[in-house]
Amino acid sequence: QVEVVESGGGLVQAGESLRLSCIGSRSTFGMYSVGWFRQAQGKEREFVAQVSRSGSKTFYQASVKDRFTITRDKDKTVYLQMNSLKPEETAVYLCAIGPGGGSILYNSPNDYSNWGQGTQVTVSS
């Protein structure tokens, strides 16, 4: 149904920032909550943040709270603003469609579908 594409990754130094985008291929993308996950080399996929269908509710993994911000605009594109990045946050960052409206937290990757290909974030030093 909905295909999603992530963009905005790159190479940054520790303490710098990146803004990721998650764009859905169909207008129905706006019907779904969206989650951001990350997967480092050799590690399991890890929840980062979630935004509700309306954009009015957000959830974060504790380690990124107060540094990362998930939002979505009127066109339903979802963003992840990542500030003060740390080397250990080097990973492929992926977005996916979440269940329901996303007004409650879903932090398991098993609850999500229609994963994008991911965008690489590399934090040096």
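Up top is the structure.
Residues numbered from 1 in each chain as written. Predicted model: local features only at pLDDT ≥ 70, side-chain atom pairs only at ≥ 80, totals over all residues. Heavy atoms only, no water.

Q: Could you clarify how one ought to interpret the sheet that holds strand 5 (residues 46-51) in this entry?
A: Sheets are built from strands that pair by backbone hydrogen bonding, the pairs being arranged parallel or antiparallel. Spatially, six strands are ordered 2-10-9-4-5-6 in an open sheet, and the strand pairing comes out mixed. With one partner strand each, in any of the chains shown, strand 2 (10-13) and strand 6 (58-60) form the two edges of the open sheet. Here the strands of the sheet are splayed against their neighbours by 25 degrees on average, with no regard to which way each runs. Pairing geometry for strand 4 (residues 34-39) and strand 5, over five bridges, is antiparallel. Looking across to strand 5, one finds that V34 is bridged to V51. (Pairing = 2+ DSSP bridges. Helix = DSSP H or I, 4+ residues; strand = E, 2+ residues; numbered from the N terminus. Axes fitted to C-alpha atoms, helices over the stretch in contact; angles between N-to-C directions.)

Q: In this structure, what is going on with the nonpolar core? I would like to understand it.
A: As a rule of thumb, soluble globular proteins bury nonpolar side chains together. Residues W36, F68, L80, M82 and Y93 are the most contacted members of the largest nonpolar core, which totals 27 residues. Elements that contribute at least two residues to this core include exactly strand 3 (18-24), strand 4, strand 5, strand 7 (68-72), strand 8 (78-82), strand 9 (91-97) and strand 10 (119-124). The biggest single contributor to this core is strand 9, with four residues. Every residue in contact with M82, bar those within four places of it in the chain, is listed here: E16, S17, L18, L20, R67, F68, Y93 and V121. (Core = buried A, V, L, I, M, F, W, Y, C linked by side-chain atoms within 4.5 Å. Buried < 20%, exposed > 50% of the residue type's maximum accessible area, 1.4 Å probe, protein only. Contact = heavy atoms within 4.5 Å.)

Q: How do you make sense of the side chain of Q50 when you look at a structure like this?
A: Take Q50: it is sitting in strand 5. Under the relative-accessibility criterion, Q50 is labelled buried at 0%. In terms of polar contacts, Q50 uses its side chain to reach the backbone carbonyl oxygen of I104, at 2.8 Å. (Polar contact = N/O pair within 3.5 Å; in protein donor to acceptor, adjacent residues only side chain to side chain.)

Q: Looking at this structure, I do not really get the pairing of strand 10. What am I missing?
A: Side-chain direction in a regular strand flips from residue to residue, so the side chains alternate between the two faces of the sheet. A one-sided burial pattern is seen for strand 10, the buried positions being T119, V121 and V123 and the unburied ones Q120, T122 and S124. The sheet contact formed by strand 2 and strand 10 spans four bridges and is parallel. Across the sheet, the residue bridging to Q13 is S124, located in strand 10. Of the strand pairs in this sheet, strand 9 and strand 10 are connected by three bridges, and their pairing is antiparallel. Residue pairing across strands places V92 opposite Q120, the latter belonging to strand 10.

Q: Explain the pattern of salt bridges to me, please; I cannot follow it from the model alone.
A: Oppositely charged side chains may form a pair once their charged atoms are brought near each other. Going through the model one piece at a time under the given rule, you end up with four salt bridges. A salt bridge links R38 to E46, with the shortest nitrogen-to-oxygen separation between them at 2.8 Å. Since its relative accessible area comes to 6%, R38 is described here as buried. In this structure E46 comes out as partly exposed when scored by relative accessible area, which is 32%. Between K74 and D75 there is a salt bridge, and its shortest N-O distance comes to 3.9 Å. As far as the burial class goes, K74 and D75 line up, both exposed. One salt-bridge network, held together by shared partners, links R38, E46, R67 and E89. (Salt bridge = Lys/Arg side-chain N within 4 Å of Asp/Glu carboxyl O.)

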